[in-house]
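Inside the fold
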Amino acid sequence: RCLQLQSLLVWIFLQPSRGWLQFQLLQWNPHWQCFVWNQNNCSTHVESQLNEWLEEYDVDFANAVEIVDSNYTTPKAWSILRTSCGPDRVALIYNNLRWRALEGNGTFQSAGCMEGDDRPYIVQVFESLNSTLIGSNSSNSSERLVVVGAHFPHPAGPSLPLSADQTDGLKNSIAGVVNGSGEQRVILIADTNEYSIVPNTAIREYLRLPTLKTVGTDLENTCCFDYGFFMSFDRIITNFGGHMRTKVLMQPPLPNWAQQVQEVTFKRGAFHLPVLGTLFAQGESGPGPGPGPGPVYPNHHSGFKTAFISIVSVLVLVMVGWFFYAAMSEKKKRDLLSMTEESQENDDSE
């Protein structure tokens, strides 16, 4: 029993550390057909499913593209920053219990269109509300991040990256916010419309994100229903952290509500699969931004986990001590009984 309890104690200490330092990030583009055609009540299903994932995965930041319903609301623990270019829309969703969106156009926030009056983006500085970040590379030593939510235009062809004309607006907005806020840590959550021939590093480079580090989700085939899901458009990319774990939250075949098909032309909607990226901000991938080792970013639940582990560990140690005490007491009783029996036998023999 003591050995079993010791093994349990070791497991308790080691197991939680695997998910110890992390941010939960979500990218999804259900596409406009889900709201405009709205077959099988697709819009309601999308909004309900998105809210369910926000709560289930305790998401820090999410970029929801082409959520056409302006009345869509998140659960109370999340807030939305919206922008649009023509009919195209981006909603940057954040957990308001852990993050505050800083105000100040050009310094802490910027929004625009990547291509004419189309393809919106938001660049926003968020500040931690409960010391989830330790260490900073910003000039005022605050605990901040720059988060970008965007819907990129399409390149000229599948073998080509986006042109400078298509990306310069977003690049310049990111540079303006980074320089104005002094914060160099950037999270990009976007439907990039870049084919798998364009790696995450190339996107970080043409957007001129500070530092030479690239951490991102795997290139999963998330686009689209109309083309049979062979394009890796949906990405989450950062310039800090250890590594990113990728989880695609839906898989073909899609539920009926997600399969939008026009009755006359049989044209299909361009529904994307949602991507969840878990950023482990301290890991084996190398140092963070700036000179020297990068800062440490504990998970927002680390205080609770630490207290829980401490309480359970104390209880286990008490149980181990009790079993040890009981075993020793039992041994002493057996020894005393044995000595008594030996003494009685000696008396009888005399």
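Here the structure is a predicted model, which means the values were calculated and not measured. Here the residue numbers are simple positions, counted from 1 along each chain's written sequence. Thresholds applied to this predicted model are a pLDDT of at least 70 for local features of residues and 80 or more for the giving and counting of side-chain atom pairs; totals over whole chains, interfaces and linings are not thresholded and use all residues. Side-chain measures here rest on the full set of heavy atoms in the structure, leaving out hydrogens and waters.

On to the nonpolar core. Core analysis: the biggest nonpolar cluster contains 31 residues, and Leu-26, Val-46, Val-59, Ile-93, Met-250, Leu-254 and Phe-271 have the highest contact counts within it. Only DSSP runs of H or I with at least four residues qualify as helices, and only runs of E with at least two residues qualify as strands; both kinds are numbered from the N terminus onward. Elements that contribute at least two residues to this core include exactly strand 1 (22-28), helix 2 (33-36), helix 3 (42-56), strand 2 (61-65), strand 3 (78-85) and strand 4 (88-95). A total of 5 residues in this core trace back to one element, the largest contributor, which is helix 3. Should any heavy atoms of two residues lie within 4.5 Å, those residues are considered in contact. In this structure Val-59 touches Gln-24, Leu-26, Trp-53, Leu-54, Trp-78, Asn-95, Arg-98 and Leu-276, once residues within four positions along its chain are discounted. Listed in part, the 24 residues of the second largest apolar core include Phe-152, Leu-162, Leu-170 and Ile-203. Here, nonpolar core refers to any group of buried Ala, Val, Leu, Ile, Met, Phe, Trp, Tyr and Cys residues whose side-chain atoms link them within 4.5 Å. Each residue's exposure class comes from its accessible area (1.4 Å probe, protein chains only) as a fraction of the maximum for that residue type: buried when under 20%, exposed when over 50%, partly exposed otherwise.

In this section: the state of the cysteines. A pair of sulfur atoms, both from cysteines and within 2.5 Å, is called a disulfide here. Per the counting criterion, the structure on display carries 3 disulfides. With its sulfur 2.0 Å from that of its partner, Cys-85 forms a disulfide with Cys-113. Linking Cys-85 and Cys-113, the disulfide has an S-S dihedral of approximately -100 degrees and is accordingly described as left-handed. A residue pair is termed long-range when its members are at least 10 positions apart, and Cys-85 in strand 3 and Cys-113 in strand 6 (residues 109-113) qualify at 28 residues. What makes Cys-85 buried here is its relative accessible area of 0%. What pairs with Cys-223 in a disulfide is Cys-224, and their sulfur atoms sit 1.4 Å apart. Here the S-S torsion is close to -55 degrees, and the disulfide linking Cys-223 with Cys-224 is therefore left-handed. Residue Cys-224 is classed as buried on the basis of its relative accessible area, which comes to 4%. Here the chain pairs its bonded cysteines, counted in sequence order, in the arrangement 1-2, 3-4, 5-6.

Summarising the element assignment, Asn-239 is placed in the loop between strand 11 (234-238) and strand 12 (243-248). Polar contact criterion, stated in full: a pair of N or O atoms within 3.5 Å, where within protein one must be able to donate a hydrogen and the other to accept it, and residues adjacent in sequence count only if both atoms are side-chain atoms. Among the polar contacts listed, one links the side chain of Asn-239 to the backbone oxygen of Gln-184, at a separation of 2.8 Å. A distance of 2.8 Å separates a polar atom in the side chain of Asn-239 from the backbone nitrogen of Val-186.

With that settled, the discussion passes to the packing of aromatic side chains. Stacked, tilted and edge-to-face pairs are distinguished by plane angle, under 30 degrees for stacked and over 60 for edge-to-face with tilted covering the rest, among Phe, Tyr and Trp rings (Trp via its six-membered ring) whose centres lie within 6.5 Å. Per the counting criterion, the structure on display carries 9 aromatic pairs. Aromatic side chains Phe-23 and Trp-99 sit 5.9 Å apart centroid to centroid with 55 degrees between the ring planes, which places their arrangement in the tilted category. Of this pair, Phe-23 sits in strand 1 while Trp-99 sits in strand 5 (residues 99-101), and the two are 76 residues apart along the sequence. Their ring planes at 80 degrees and their centres at 5.8 Å tell us that Trp-28 and Phe-271 sit as a pair that is edge-to-face. Placement of Trp-28 in strand 1 and of Phe-271 in the loop between strand 12 and strand 13 (275-280) is noted, with a sequence separation of 243 residues between them. Each member of the aromatic cluster is reached from another via a ring pair, and the members are Phe-23, Phe-61, Tyr-94, Trp-99 and Phe-126.

It is worth spelling out the pattern of salt bridges at this point. For this analysis, a salt bridge means a side-chain nitrogen from Lys or Arg found within 4 Å of a carboxyl oxygen belonging to Asp or Glu. Evaluation of the coordinates by the stated rule reveals 8 salt bridges. Between Lys-171 and Asp-168 there is a salt bridge, with its nearest N and O atoms 3.3 Å apart. In this pair, Lys-171 and Asp-168 both sit in helix 4 (residues 164-181), 3 residues apart, roughly one turn of the helix. Measuring nitrogen to oxygen at the nearest pair gives 3.9 Å for the salt bridge that ties Arg-204 to Glu-205. By relative accessible area, which is 5% here, Arg-204 ends up buried.

On a regular strand, each side chain points to the face opposite its neighbour's, so the side chains alternate between the two faces of the sheet. Of all 8 residues in strand 8 (residues 144-151), 8 are buried; the element is thus mostly enclosed. As paired strands, strand 8 and strand 9 (residues 186-191) are joined by 6 bridges and run parallel to one another. Within strand 9, the position partnered with Ala-150 by the bridge is Ala-190. Read as a crossover between parallel neighbours, the route from strand 8 over helix 4 to strand 9 is right-handed. Only strands that DSSP links by at least two bridges are regarded as paired with each other. We call a crossover right-handed when, viewed with both strands directed away from the observer, the connection leading from the first strand over the helix to the second proceeds clockwise.

This next bit is on the sheet that holds strand 13. The 6 strands are arranged 3-4-2-1-13-12 in an open sheet whose pairing can be described as mixed. In this open sheet, the two edge strands, each paired with only one partner strand, are strand 3 and strand 12. The mean angle between the axes of side-by-side strands here comes to 15 degrees, regardless of whether they run parallel or antiparallel. Bridge count between strand 3 and strand 4: 8 bridges; the pairing is antiparallel. In the strand pairing of strand 4, Cys-85 is matched with Asp-88. For helices, the fitted line uses only the C-alpha atoms of the stretch in contact; every axis is such a line through C-alpha atoms, and the angle between N-to-C directions lies from 0 to 180 degrees. Together, strand 1, strand 2, strand 3 and strand 4 form the strand contacts of helix 3, whose direction differs from that of strand 1 by roughly 170 degrees.

Just distances and angles here, no functional claims.
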